[in-house]
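The residues making up each chain are set out below.
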Amino acid sequence: MTGALGLGASLMAGTGSDAAAAEPAAHNPAAAMERALFEPVTGRPTNLSDLADGLSTARGLFSGARYAALGSALPALIATAEATRNAATGRTRERAQAAVARAYVLATELAVKQHSEAAGATADRALIAARASGDPRPVSDAARVLAITMRRAGRNSAAVDFLARTAASLVVEKGGPQADTHAARVCLLMTAAYTAASGGRRSTALDLLQEAEETADRIPVDQSGKPAGLFTISASPAEVSMYRISSLTALGTPDDAVPYVRRVDPTQLANTERVARYLTDTARMWHQLGDGRRTFSALRAIEHTAPEEVQRPAIRTLTADLLYTPGSLPGLRAFAVRTGAVAA
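> Explain the pattern of salt bridges here, please?
Between side chains of opposite charge, pairing is possible as soon as their charged atoms come close. Counted by the stated rule, this structure contains 13 salt bridges. Put simply, Glu-273 and Lys-113 hold a salt bridge, and the shortest N to O gap is 3.1 Å. Taken together, the positions of Glu-273 in helix 14 (residues 272–288) and Lys-113 in helix 6 (residues 90–113) put the pair 160 residues apart, joining distant regions of the chain. For Glu-273, a relative accessible area of 2% corresponds to the buried category. Of the charged contacts in the structure, one is a salt bridge between Arg-277 and Asp-281, with a shortest N-O distance of 3.1 Å. Pair noted here: Arg-277 and Asp-281 are both in helix 14, with a separation of four residues, about one helical turn. When sorted by exposure, Arg-277 lands in the same class as Asp-281, which is buried. Connected through salt bridges with shared partners, the residues Lys-113, Glu-239, Glu-273, Arg-274, Glu-309 and Arg-312 form a single ionic network.

> How should the nonpolar core be read in this particular structure?
Across soluble globular proteins, you tend to see nonpolar side chains buried next to one another. Ranked by size, the top nonpolar core spans 107 residues in total, and within it Leu-74, Val-186, Met-190, Ile-245, Tyr-278 and Leu-299 carry the most contacts. Filtering out sequence-adjacent residues up to four positions away, Val-186 remains in contact with Ala-212, Thr-215, Ala-216, Ile-219, Ala-235 and Val-240.

> Even after reading the chapter, I still don't get unusual backbone geometry, so can you show me in this structure?
Glycine aside, residues mostly have negative phi angles, and peptide bonds mostly take the trans form. Of note in the backbone geometry, Ala-65 takes a positive phi value of approximately 60 degrees without being a glycine. Mapped onto the fold, Ala-65 is located in the loop between helix 4 (48–63) and helix 5 (67–87). Residue class for Ala-65 comes out buried when judged on its relative accessible area of 4%. Of note in this structure, His-115 is not a glycine but carries a positive phi near 55 degrees. Among the structural elements, His-115 can be located in the loop between helix 6 and helix 7 (119–133). The partly exposed category is assigned to His-115, whose relative accessible area is 42%.

Cut-offs used in this document
- Residues numbered from 1 in each chain as written.
- Predicted model: local features only at pLDDT ≥ 70, side-chain atom pairs only at ≥ 80, totals over all residues.
- Heavy atoms only, no water.
- Salt bridge = Lys/Arg side-chain N within 4 Å of Asp/Glu carboxyl O.
- Helix = DSSP H or I, 4+ residues; strand = E, 2+ residues; numbered from the N terminus.
- Buried < 20%, exposed > 50% of the residue type's maximum accessible area, 1.4 Å probe, protein only.
- Core = buried A, V, L, I, M, F, W, Y, C linked by side-chain atoms within 4.5 Å.
- Contact = heavy atoms within 4.5 Å.

This is a description of form; function is not addressed.
Next comes the structure, spelled out in structure tokens:
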């Protein structure tokens, strides 16, 4: 993993809890990261280029839905980023703060997926470092994941308001990256919409989705064809349609979400993690509609696309719920056992 992160042998250097933090995390990918919050590994400063390479590789692990590898790598990455920041001054320190923020954003994303209580702590650290960086993009990244933890804690209205304020604070500076700013706003609006939907605020959710869609349609795609966005989420029209599926399902009107399933071309989504999220949203939609066959088909597609996704607590719960609903689906029990939803 040291080589994969591109930070050299110093990234994994340390004593005591360092070895524990690097233990395999197949059953709980967030375990090493959780432990490191209270028993930090020892990090050594590095240059910003190597730190950026390490952060990019860690994001690649998340985007590829390789959560066990990400969980094992995060303690050393966070320690290195913090050591680099602590040893720096001026503009170099600000850029290192941005790296610290995004390392904690990845930690929060992982913690949320694993239903870990550490998500609140990592999101808070992400926002503190992001604000110290003076860069609005890491601030948007951190605000988004903090709002997700607020939603999961039942503070839906506060989370929506927080995201709306953050989105409104994004200003296109003269000569600045207009597309990036609009993309950041779209990402915040989509998250705010789903948060509002989870709290039953239908009109607010739909208004936010409409604004996100109109803004996303105006964002040009760069020469590489890669959609703009934040660190772990893109701002493409396909992504907005995906959020419509999840939001309408959360609102209890999954039949309204069905047309949007056909609008999403998975190849237009940014990466494996996003495709798995789309399949998860469609599985929940079909399950709420009582269509067990299509639900199971979506679950199997998740396993084929991102095997570690089906072992997440939320997907195991959905699988177990499907298993105990009336009707027989060939292969479902074997799938449930294979993914850990039920005991063998």
